[in-house]
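Breakdown of the fold
One-letter residues, chain by chain:
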Amino acid sequence: MLENVLNRQREKQTSHKLIERLLAEHDFALRRFIRVRMNSSVDCDDVMQEVYMRLSQIEDLPAKLAGRLDTARNYLIQIASNLLIDRARRAQVRCADQHQGEYALNDLIAIDEPDRQLHNKRLLHQVECALQQIRQEQRQAFLMHRIDGLSYREISDNLGVSVSTVEKHISAALLVIRNSVDTAALGSNQHG
């Protein structure tokens, strides 16, 4: 039992020394790779720390990299690339979560007020009119996503088009809807 614990501690020490050596050897190239893709040197240190953490979580790293130290730089860049992709996805989700529109909280608070009900009916009518203006494929993809709750992949499978095409359809539908609602809101603000 004690021997197993000591062996694990030695393995961790060996792994940490290897990680420190790899990061020191490839520091310049790795930082340059990260900075170019992030457009920020401030977050570069955070990503470098995440690379270190990711490497330290790999069991028996020295054995896995044995004989492959010539490709270690590529391995580090791949890890950094994956981390940057993860960060971009998280940022995209945060932006989407924060972009609730100007109606979000106030609408929830005052949803039963007669003025709010009238406003919501008008807003729904504007969305329905906007949906009638777009192409059938765009409308179908939009409704499958927003009403049926299907993922882009599921919509892609149902419509027999690529996920990229589904993204374009939904994006186009959202643009028309947003413009329609914004135009209507601008008109009602000028009259009201």
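Residues numbered from 1 in each chain as written. Predicted model: local features only at pLDDT ≥ 70, side-chain atom pairs only at ≥ 80, totals over all residues. Heavy atoms only, no water.

**Comments concerning helix 3 (residues 44-56)**
Across its 13 residues, helix 3 extends 18 Å between first and last C-alpha, which sits within 8% of the 18 Å expected from 1.5 Å per residue. Along helix 3, the residues that are buried comprise Cys-44, Val-47, Met-48, Val-51, Tyr-52 and Leu-55. In a view along the axis of helix 3, the buried residues occupy a sector of 145°, so they form one face of it. (Helix = DSSP H or I, 4+ residues; strand = E, 2+ residues; numbered from the N terminus. Expected span 1.5 Å × (residues − 1). Buried < 20%, exposed > 50% of the residue type's maximum accessible area, 1.4 Å probe, protein only. Arc of directions from axis to C-beta.)

**Section: the pattern of salt bridges**
Throughout the structure, instances matching the rule amount to six salt bridges. A salt bridge links Arg-31 to Asp-27, with the shortest nitrogen-to-oxygen separation between them at 2.9 Å. Taken together, the residues Arg-31 and Asp-27, both in helix 2 (residues 27-38) and four residues apart, mark about one turn of the helix. By relative accessible area, which is 26% here, Asp-27 ends up partly exposed. A salt bridge links Arg-31 to Asp-45; its shortest N-O distance comes to 2.6 Å. With a gap of 14 residues between them, Arg-31 in helix 2 and Asp-45 in helix 3 connect regions that are remote in the sequence. Taking the relative accessible area as the measure of exposure, Arg-31 reaches 22% and is therefore partly exposed. Asp-45 gets classed as partly exposed once you look at its relative accessible area, which sits at 46%. Through salt bridges with shared partners, one network takes in Asp-27, Arg-31 and Asp-45. (Salt bridge = Lys/Arg side-chain N within 4 Å of Asp/Glu carboxyl O.)

**With respect to the confidence of the model for the protein**
Summary statistics for the protein give a mean pLDDT of 78 and a share of 81% for residues scoring 70 or more. Looking across the protein, the model is least confident in helix 6 (residues 104-109), with a mean pLDDT of 45, and most confident in helix 9 (residues 152-159), with 89. Note that pLDDT drops below 50 for residues 100-111; the model gives that stretch nine contacts with residues more than four away or on any other chain. (pLDDT = per-residue confidence, 0-100. Contact = heavy atoms within 4.5 Å.)

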